[in-house]
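One-letter residues, chain by chain:
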Amino acid sequence: VEQTVRITSRCPGLYSDANEAALDRVVRFCRKHGSAKLGVQLAHSGRKGSTSLPWEGRSAPLTKEQGAWQTYGCAGQLRAPGWPDPEPLDEVGLTRVCDAHVAATKRAARLGFDLVELVMAHGYLLQEFLSPLSNLRNDGYGGDIAGRMRFPLTVFDAMRMVWPEDRPMGVRVSATDWMTGGWQISDT
């Protein structure tokens, strides 16, 4: 949803007029030569961004010399040892993230996608908010499950407001953290 929240430098985005124009060519081609419904996933990588390409060792963060960019996180803790410090999101950052999701949703609607899916999975930013293992915030966006769900649901609601009512909108979740004390099936 923003250039600086991609996982790798080659991840597609829907954050600019140029992205929208390029994707428009793809959507028009698919419509001309097929009949499948088309959906798009919208995501923010959170602290998992700024990594090498999969075939170059995606499990490694980019170095400054490789063009690393600032990552953002729910509460600012590292993804893993050796990874860069993600900038914790304050109110201004939260608003920027929500607005970026809304802008990308509007672009998806203009392109004529049949479905939009908000990604709250894979350890990306919105899952960071959901999980008690990564959400160590002590404000209204942390604490109990209602607090941890507040920001992801705010983003969803803002997107739903601009997504056409006659088109479905979904959410991708990681149903469990698979770790003691983490997000569980019952939370999902």
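The model shown is predicted, which means the values in this text are computed figures rather than measured ones.

Caption draft 1: Quick peek at the overall build of the protein. Helix and strand counts for the protein come out as 4 helices and 5 strands. Its helices and strands taken in sequence order, the protein reads α-β-β-β-α-β-α-α-β from the N to the C terminus. Against the globule reference of 16 Å for 188 residues, the protein gives a C-alpha radius of gyration of 17 Å, in line with a compact fold. Principal axes of the C-alpha set define a box for the protein whose edges measure 50 × 40 × 30 Å. Counting over 188 residues, the protein shows a buried share of 43%. Summarising the internal contacts of the protein: among those between residues at least 6 apart in sequence, 68% fall at separations of at least 24. With an accessible surface of roughly 10100 Å², the protein has 55% of that area assigned to carbon and sulfur atoms. Charged side chains in the protein number 22 positive and 21 negative. The centres of these two groups are separated by 7 Å.

Caption draft 2: Fine view of helix H1 (residues 17–33). Along its 17 residues, H1 runs 24 Å from first to last C-alpha, staying within 8% of the 24 Å computed at 1.5 Å per residue. Residues of H1 that are buried: Asn-19, Glu-20 and Val-27. All buried residues of H1 fall inside an arc of 85° around its axis, so they share one side. Turned more than 90 degrees away from the buried face of H1 sit Ala-18, Arg-25, Arg-28, Phe-29, Lys-32 and His-33, all of them exposed. Against helix H2 (91–111) lie the buried residues of H1.

Caption draft 3: Representation of the sheet that holds strand E4 (residues 115–120). Reading across from one edge, E1-E4-E5 is the order of the 3 strands in this open sheet, with parallel pairing throughout. Looking along the sheet, the strands with just one partner apiece sit at the ends: strand E1 (39–42) and strand E5 (169–173). Ignoring strand direction, the axes of neighbouring strands in this sheet form an average angle of 25°. The sheet contact formed by E1 and E4 spans 4 bridges and is parallel. Note on E4: the bridge partner recorded for Val-40 is Val-116. In the packing of helix H4 (residues 145–162) onto the sheet, contacts are made with E1, E4 and E5, and the angle to E4 comes to roughly 170°.

Caption draft 4: Here's a closer look at the environment of Glu-2. Here Glu-2 lies in the segment before H1. Residues Glu-2 and Asp-177 lie 175 residues apart in sequence; the distance between their C-alpha atoms is 26 Å. Here Glu-2 is in contact with Tyr-15, His-44, Arg-96, Val-97 and Ala-100, once residues within four sequence places are set aside. A polar atom in the side chain of Glu-2 sits 3.1 Å from the side chain of Arg-96.

Caption draft 5: Structural detail: the pairing of E4. The buried count for E4 comes to 5 of 6 residues, which makes it a mostly enclosed element. The pairing of E4 with E5 spans 5 bridges and is parallel. Residue Val-119 lies in a different strand from E5, and its bridge partner there is Arg-172.

Caption draft 6: Highlighting the packing of H1 against H2. Their axes nearest at 10 Å, the elements H1 and H2 cross at an angle of 30°. In terms of their interaxial angle, H1 and H2 are classed as roughly parallel. As for how H1 packs across H2, the hand of that crossing is right-handed. Between H1 and H2, the contacting residues are Asp-17, Glu-20, Leu-23, Asp-24 and Val-27 on the first element and Arg-107, Arg-110 and Leu-111 on the second. Looking at the contact of H1 with H2, its residues break down into 3 nonpolar, no polar and 5 charged.

Thresholds applied
- Residues numbered from 1 in each chain as written.
- Predicted model: local features only at pLDDT ≥ 70, side-chain atom pairs only at ≥ 80, totals over all residues.
- Heavy atoms only, no water.
- Helix = DSSP H or I, 4+ residues; strand = E, 2+ residues; numbered from the N terminus.
- Rg over C-alpha atoms; globule rule 2.2 N^0.38 Å.
- Buried < 20%, exposed > 50% of the residue type's maximum accessible area, 1.4 Å probe, protein only.
- Contact = heavy atoms within 4.5 Å.
- Areas by Shrake-Rupley, 256 points an atom, 1.4 Å probe, with all protein chains shown as cover.
- Lys, Arg positive; Asp, Glu negative; His and termini not counted.
- Charge placed at Lys NZ, Arg CZ, Asp CG, Glu CD.
- Expected span 1.5 Å × (residues − 1).
- Arc of directions from axis to C-beta.
- Pairing = 2+ DSSP bridges.
- Axes fitted to C-alpha atoms, helices over the stretch in contact; angles between N-to-C directions.
- Polar contact = N/O pair within 3.5 Å; in protein donor to acceptor, adjacent residues only side chain to side chain.
- Parallel < 35°, antiparallel > 145°, perpendicular 65-115°, else oblique.
- Left-handed = near helix turned anticlockwise from the far one by under 90°.
- Nonpolar A, V, L, I, M, F, W, Y, C, P; charged D, E, K, R; others polar.

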